[in-house]
Each structure stands twice: as C-alpha cells, then as structure tokens.
Amino acid sequence: PPPSLPPAPHGNLPVVTPPLFGRDEDVSEVAQLVDAHRLVSIVGAGGIGKTSVALAVAASLRARFPDGTWWIELAALTDGSLVAATIARTVGVGLAPDRPAPEALAAALADARMLLALDNCEHLLDAVAPIVEVLVNRAPGVRILVTSQETLKAAAEHSYRLGTLAVPAPDAPLADAARYGAVALFAERAVAA
C-alpha cells in the first residue's frame, strides 16, 4: 500500500503556493512579526506583491496553528458590515444572532488557535479595524495577517512596509543581474509568454 500521508492541515490555503522572486527576506521578516505580534499588516502600493508575500508567510506558518490557517479574500466585498460574517463563513463557525457580529465572531473563536489572513482590506478599513481589535482583545489564540495599501490604525497593529523588488545598479555586471528579484521575475514571465 502507498505510504500514509500526514493529516492535511486545517485551513483553505493552497497546498502549493506560487514561486516568489526576491522576497525571501520579506517573508522571513513578516513571519517573525506574526510570531511576535497578534496583528500584522503588510502595507504597500497596489500590485507590489503584498498578497503573494502574505500567502507565502501563511503557508510557511500553517503547521503552527492547529485550528487552521485561513485566507479571507475581501477585494470583492463592498459592504463592510459583512466582513465578520465572511470571516465566520470561511472558517466554518456560526455567529450568534443576538450579539453584534464582531463580538459574536470573537466569542466563536475565543478558544481557537488559528491564523486569519485578510487580503485586500484597503477599501474596508473602517469595518476591518474594529473587528480585528475585538479579535485581538477576546480571542487570544488568533493571529491576524492583513494586506492593505494603508494601515488599519488599530491599537495592536504592527505594520511591515513592502518595497519594490531589487534591481541591479546600472554598472553591475550582467552576469549578476539574475540575482535580483525584478530581473528574475521578468525572466520568468518572459519565458512563460
């Protein structure tokens, strides 16, 4: 018989994440921040790679969270009042109807040990910030990783500003160019095309 596989980790992250170019240091630093702090935001301009870095960080940490590592995509959500329900639906918990949604979510996750990765929060900052603050205060085993073009301005937030990919200096030897993230990404995309 084929060897038995270890049980699949809880959560909804893909088993294999796409390759990253020139972001190893960013992934390592953000993972250390998530280890040290309950709420971490990756902040930067649109299209700079926040989602890719957050996905790589979440995947690298998934074994540390027995109740799962959960990816919550908020880009398509236009109504901030649905953020808590979206998180609850993604992680598979119900919300008590007799409480405000953020409090009901915190109560449902009070004993959980999980990572929530909230992607594309910039258009919902006013809704996301109070929810994550309630979770930080009432669900001690929940860690939250956020991607946004702006910080949440939440009390417990630690932000990591993601910069552009490195490029070689104009006088750098051509042979060294492939070591830089921007060149490696360009080369990979050119080969794919």
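Described below are features of the structure shown in this document. (Residues numbered from 1 in each chain as written. Predicted model: local features only at pLDDT ≥ 70, side-chain atom pairs only at ≥ 80, totals over all residues. Heavy atoms only, no water.)

1. Looking at the pairing of strand β2 (residues 69-73)
- Across the 5 residues of β2, 4 count as buried, placing the element largely inside the fold.
- Bridge analysis of β2 against strand β3 (residues 114-119) gives 5 bridges, and the strand direction is parallel. Considered in β3, the bridge of Trp71 is made with Ala117. (Buried < 20%, exposed > 50% of the residue type's maximum accessible area, 1.4 Å probe, protein only. Helix = DSSP H or I, 4+ residues; strand = E, 2+ residues; numbered from the N terminus. Pairing = 2+ DSSP bridges.)

2. A closer look at the sheet that holds β2
- Spatial strand order, β2-β3-β4-β1-β5: 5 strands in an open sheet with parallel pairing. Strands at the two margins of the open sheet, each flanked by one partner only, are β2 and β5 (157-161). Going across the sheet, the axis of each strand differs from the next one's by a mean of 20°, ignoring polarity.
- As paired strands, β3 and strand β4 (residues 142-148) are joined by 5 bridges and run parallel to one another. Opposite Leu116, over in β4, you have Ile144 as the bridge partner.
- With respect to the sheet, helix α1 (residues 24-36) is in contact with β1 (39-43), β3, β4 and β5, its orientation differing from that of β4 by roughly 140°.
- Against the sheet, helix α2 (residues 50-61) touches β1, β2, β3 and β4, its axis set at about 160° to β4. (Axes fitted to C-alpha atoms, helices over the stretch in contact; angles between N-to-C directions. Contact = heavy atoms within 4.5 Å.)

3. With respect to helix α3 (residues 83-91)
- Along α3, the residues classified as buried are Val83, Ala84, Thr86, Ile87, Ala88 and Val91.
- Considering only its buried residues, α3 is in contact with β2, α4 (101-108), β3 and α5 (125-138).
- Positive backbone phi, at 80°, marks Gly92, one or two positions downstream of α3.

4. A closer look at the side chain of Glu157
- Relative to the helices and strands, Glu157 is located in strand β5.
- Summary of buried charges: Glu157 has no salt-bridge partner, and the nearest side chain of opposite charge, Lys153, is 7.3 Å away.
- Reaching out from Glu157, the side chain makes a polar contact with the backbone nitrogen of Lys153 at a distance of 2.8 Å.
- The contact partners of Glu157, leaving out residues within four places of it in the chain, are Leu39, Ser41, Thr151 and Leu152. (Lys, Arg positive; Asp, Glu negative; His and termini not counted. Salt bridge = Lys/Arg side-chain N within 4 Å of Asp/Glu carboxyl O. Polar contact = N/O pair within 3.5 Å; in protein donor to acceptor, adjacent residues only side chain to side chain.)

5. Comments concerning the packing of α1 against α2
- Contact geometry for α1 and α2: axes closest at 9 Å, N-to-C directions at 60°. Considering their axes alone, α1 and α2 lie oblique with respect to each other. Once α1 is placed against α2, the crossing between them reads as right-handed. Across from Asp26, Val27, Val30, Ala31, Val34 and Asp35 in α1, the residues of α2 making contact are Val53, Ala56, Val57, Ser60 and Leu61.
- Residues that form the contact of α1 with α2 fall into these classes: 8 nonpolar, 1 polar and 2 charged. (Parallel < 35°, antiparallel > 145°, perpendicular 65-115°, else oblique. Left-handed = near helix turned anticlockwise from the far one by under 90°. Nonpolar A, V, L, I, M, F, W, Y, C, P; charged D, E, K, R; others polar.)

6. What to know about unusual backbone geometry
- Even without being a glycine, Asn120 presents a positive backbone phi close to 65°.
- Checked against the element boundaries, Asn120 lands in the loop between β3 and α5.
- Positive phi values are uncommon outside glycine, yet Lys153 reaches one of about 65°.
- Along the chain, Lys153 turns up in the loop between β4 and β5.
- Using a relative accessible area of 66% as the deciding quantity, one classes Lys153 as exposed.

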